[in-house]
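Architecture and fold: a report
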Amino acid sequence: MKKLALQSLLAVAIMLLTSVSAIAAGTIELKSLSFNNIGMGGRLIRMGDNGILIDNAGMHLEGQLNMRVNGYMGQRLICAIAPVDAEGYSLADGNGSCIALVAFKVTSNQFTKNLPIEIPYTWIQADGNSVNLTFDVTILNSSVEEVAHKVITLNPNDVNIDRSNIGNKMLGDVLGFGGDGGSEADLMGGLIGGLLGGPSASQEYICNACDGTGLCPECYGDAFFNPSICRRCAQDPGICRRCKGAKKETVDVDIYGL
């Protein structure tokens, strides 16, 4: 993995936007970051060399960023979070920079939020028996301007995984239950159904609308930062509305000809 400066990468997004809007001032306090679970798969929105890209989260840590927001009511903000090394550099892999992006809307003038965060295991630097858990957290407005920033180093108490439930949780993610993995009966039923199949099957094809990028074909993902620039993806800004970021379409096939 090569190192890249986080602020330089975020500057790419500014050049990609075709319009900006005036943003009212406010204050944001980034209070704490913690992880309490392990997940498998799911949609990950991250920075690429030319803007956002859609990736699979794979095996990842799940947690929350606690913040307090004064002002910004009704606005959409973006959290950019990246594991960094001792020199403050973020990492990059074959798909781009290791910066996860999470959007959220401020619903009141005095707003407290535990923002869900997912960080792929492969993004965390391991050094012998120790793990680097320092994260650069930046909050951006729809003009891709920095409105809050903090470097957070976690201590052991900030990573509190319920190891007794990891198996069920990850199996639930794989089978599509989410949450706590579902009941044992649900998990076994889903596993058996997936293995044995039935009178119909599903086939996957590259999404014709986005050509497998998962991004809106009209704005190429730019509306993720500023939804006002594209009406086509208004329900899920920047994301292909046909495949919902999955990059593929699923077609049910009746294998018995019924």
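Fair warning: this is a prediction, and the values are worked out from it, not measured in the lab.

1. With respect to the side chain of N66
Residue placement: N66 occurs in strand β5 (residues 59–70). A relative accessible area of 16% places N66 in the buried class. The contacts of N66, once residues within four sequence positions are left out, are E29, L30, K31, S32, T112, K113 and N114.

2. Digging into the sheet that holds β5
Taking strand neighbours across the sheet as the criterion, the three strands line up as β2-β5-β10 in an open arrangement whose pairing is antiparallel. Edge strands, defined here as strands with exactly one partner in the open sheet, are β2 (27–40) and β10 (110–120). Looking at each pair of strands side by side, their axes are set apart by 20 degrees on average, direction ignored. The pairing of β2 with β5 spans twelve bridges and is antiparallel. Its bridge partner lying in β5, S34 is registered against Q64.

3. So, the nonpolar core
L65 and I117 are the most contacted members of the largest nonpolar core, which totals 35 residues. When contributions to this core are tallied by element, the ones reaching two or more residues are β2, β5, β6 (76–83), β9 (100–105), β10, β13 (134–140) and β14 (146–153). For this core, the element with the highest residue contribution is β2, accounting for five residues. The residues touching I117, leaving out its near neighbours within four places in the chain, are L33, F35, L61, E62, G63, Q64, L65, C79, I81 and V102. Grouped together as the second largest cluster of nonpolar side chains are 15 residues, I45, M47, L101 and I239 included.

4. Describing unusual backbone geometry
Of note in the backbone geometry, V144 takes a positive phi value of approximately 60 degrees without being a glycine. Residue V144 is classed as buried on the basis of its relative accessible area, which comes to 3%.

5. Things to note about the pattern of salt bridges
Under the defined criterion, the tally for this structure stands at eight salt bridges. A salt bridge links E29 to K31, with the nearest nitrogen and oxygen atoms 3.7 Å apart. On the basis of relative accessibility, which here comes to 38%, the residue E29 falls in the partly exposed class. The exposure class assigned to K31 is partly exposed, which follows from its relative accessible area of 35%. Across the pair R68 and E29 runs a salt bridge whose closest N-O atoms are separated by 4.0 Å. Of the two residues, R68 sits in strand β5 while E29 sits in strand β2, which places them 39 residues apart along the sequence.

6. Quick look at the packing of aromatic side chains
All chains considered together, the criterion is met by two aromatic pairs. Each ring, one from F35 and one from F135, has its centre 5.7 Å from the other, and the planes form 50 degrees; the classification is tilted. Residue F35 is found in strand β2, and its partner F135 is found in strand β13; the two are separated by 100 residues along the sequence. An identical accessibility class is assigned to F35 and F135; each is buried. The interplanar angle of 85 degrees and the centroid separation of 5.6 Å between the aromatic rings of F224 and F225 together place this pair among those described as edge-to-face. Seen from the ring of F224, R76 lies directly overhead, with NZ or CZ sitting 5.1 Å from the centre.

7. A look at the environment of N132
As for its placement among the helices and strands, N132 is situated in the loop between β12 (130–131) and β13. Between the C-alpha atom of N132 and that of D85, which follows or precedes it by 47 residues, the distance is 7.2 Å.

8. Focus on the confidence of the model for the protein
For the protein, per-residue confidence averages 79 on the pLDDT scale, and 69% of positions sit at 70 or higher. By mean pLDDT, the top-scoring element of the protein is β9 (95), and the lowest-scoring one is helix α3 (residues 184–196) (50). Here residues 16–23 scores under 50 on pLDDT; set against residues more than four positions off or in separate chains, the count is 22 contacts.

9. Considering the environment of E62
Tracing the sequence through the fold places E62 in strand β5. For the pair E62 and M40, spaced 22 residues apart in sequence, the C-alpha to C-alpha distance is 9.7 Å.

So, how was this worked out
Residues numbered from 1 in each chain as written. Predicted model: local features only at pLDDT ≥ 70, side-chain atom pairs only at ≥ 80, totals over all residues. Heavy atoms only, no water. Helix = DSSP H or I, 4+ residues; strand = E, 2+ residues; numbered from the N terminus. Buried < 20%, exposed > 50% of the residue type's maximum accessible area, 1.4 Å probe, protein only. Contact = heavy atoms within 4.5 Å. Pairing = 2+ DSSP bridges. Axes fitted to C-alpha atoms, helices over the stretch in contact; angles between N-to-C directions. Core = buried A, V, L, I, M, F, W, Y, C linked by side-chain atoms within 4.5 Å. Salt bridge = Lys/Arg side-chain N within 4 Å of Asp/Glu carboxyl O. Phe/Tyr/Trp six-rings, centres within 6.5 Å; stacked < 30°, edge-to-face > 60°. Lys NZ or Arg CZ within 6 Å of the ring centre and 35° of its normal. pLDDT = per-residue confidence, 0-100.

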